[in-house]
Amino acid sequence: DLGAMLEGSGAVIVMVTDSADAALGLGGQVVVLGHGRIIQQGAVADVFAHPANLAAALATSFPMLNTLPMQLHDGRGMLADGSRFAPPDGLPMPAEGACTLAFRPDDTTLERASPGCLRFVVRAAGEESLGGRRFVRVTFAGATWLAPQFAATIPPSGAVLNAFIDRSKLMTFDAAGEAVA
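For the structure given in this document, a descriptive report is provided here. Sequence order sets the numbering: in each chain, residues are counted from 1 along the sequence as written. Only residues with pLDDT of at least 70 get local features here, since the model is predicted, and only at 80 or more are side-chain atom pairs given and counted; chain-wide, interface and lining totals rely on the full set of residues. Computation of side-chain values: all heavy atoms of the structure, hydrogens and water removed.

**A look at the packing of aromatic side chains**
Aromatic rings from Phe, Tyr and Trp, taking only the six-membered ring of Trp, are treated as a pair when their centres fall within 6.5 Å; an angle between ring planes under 30 degrees marks them as stacked, one over 60 as edge-to-face, and anything in between as tilted. Evaluated as defined, the whole model comprises five aromatic pairs. With centroids separated by 4.9 Å and ring planes inclined at 80°, the aromatic side chains of Phe103 and Trp145 adopt a geometry described as edge-to-face. Of this pair, Phe103 sits in strand S6 (residues 97–103) while Trp145 sits in strand S10 (residues 143–148), and the two are 42 residues apart along the sequence. Assigned by exposure class, Phe103 and Trp145 land together as buried. Among the aromatic side chains, those forming a connected cluster through ring pairs are Phe85, Phe103, Phe120, Phe140 and Trp145. By the criteria applied, helices consist of DSSP H or I runs no shorter than four residues and strands consist of E runs no shorter than two, each listed in order from the N terminus. Only protein chains enter the accessibility calculation, which uses a 1.4 Å probe; a residue is then buried when its area is under 20% of its type maximum, exposed when over 50%, and partly exposed in between.

Put into structure tokens, the structure is as follows:
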């Protein structure tokens, strides 16, 4: 690949892409633009692991970032469908108001990967093929998420499934879209 060919060569390449995978694959430094402005810059691995805001998280996620918007009041969240959600202990959250939990599809599994995973009861909503990979499309509280397809068959639409997300991979963004640390 191009990254391996250039390693140690001293060459400098400027690449403009809308492909998060291409940027991550090359490594080095990245500048994330949004509406013609720099929204984050730094080492590719750092920007991808710790996006400064929701715009950078969306730009550095392939496939699309899974999000869960909510309104916080008295430590509890109200989801788009009217259901309540108790944010997990230890997750940095704003005190009140709108916020968004986000996680990448590759941080989602349909089987519990570790004891610390959060479990969401979701409904299967079909499949999606992106970049030569298959994903299960699921819905939860009015949001549509993607999870990698590991099984040979796609669950039928409407099937009730468990989706698990590693707590350490959850990102929180406040009403202005800034990362909550």
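**Looking at the pairing of strand S3 (residues 66–73)**
Alternating positions in S3 separate cleanly, Asn66, Leu68, Met70 and Leu72 being buried on one face and Thr67, Pro69, Gln71 and His73 remaining unburied on the opposite face. At least two bridges found by DSSP between two strands is the condition for calling them paired. Bridge count between S3 and S6: seven bridges; the pairing is antiparallel. If you follow Leu72 over to S6, its bridge partner there is Gly97. Hairpin remark: S3 followed by strand S4 (residues 76–79), antiparallel, with two residues in the connecting loop; positive phi at Asp74, about 55°.

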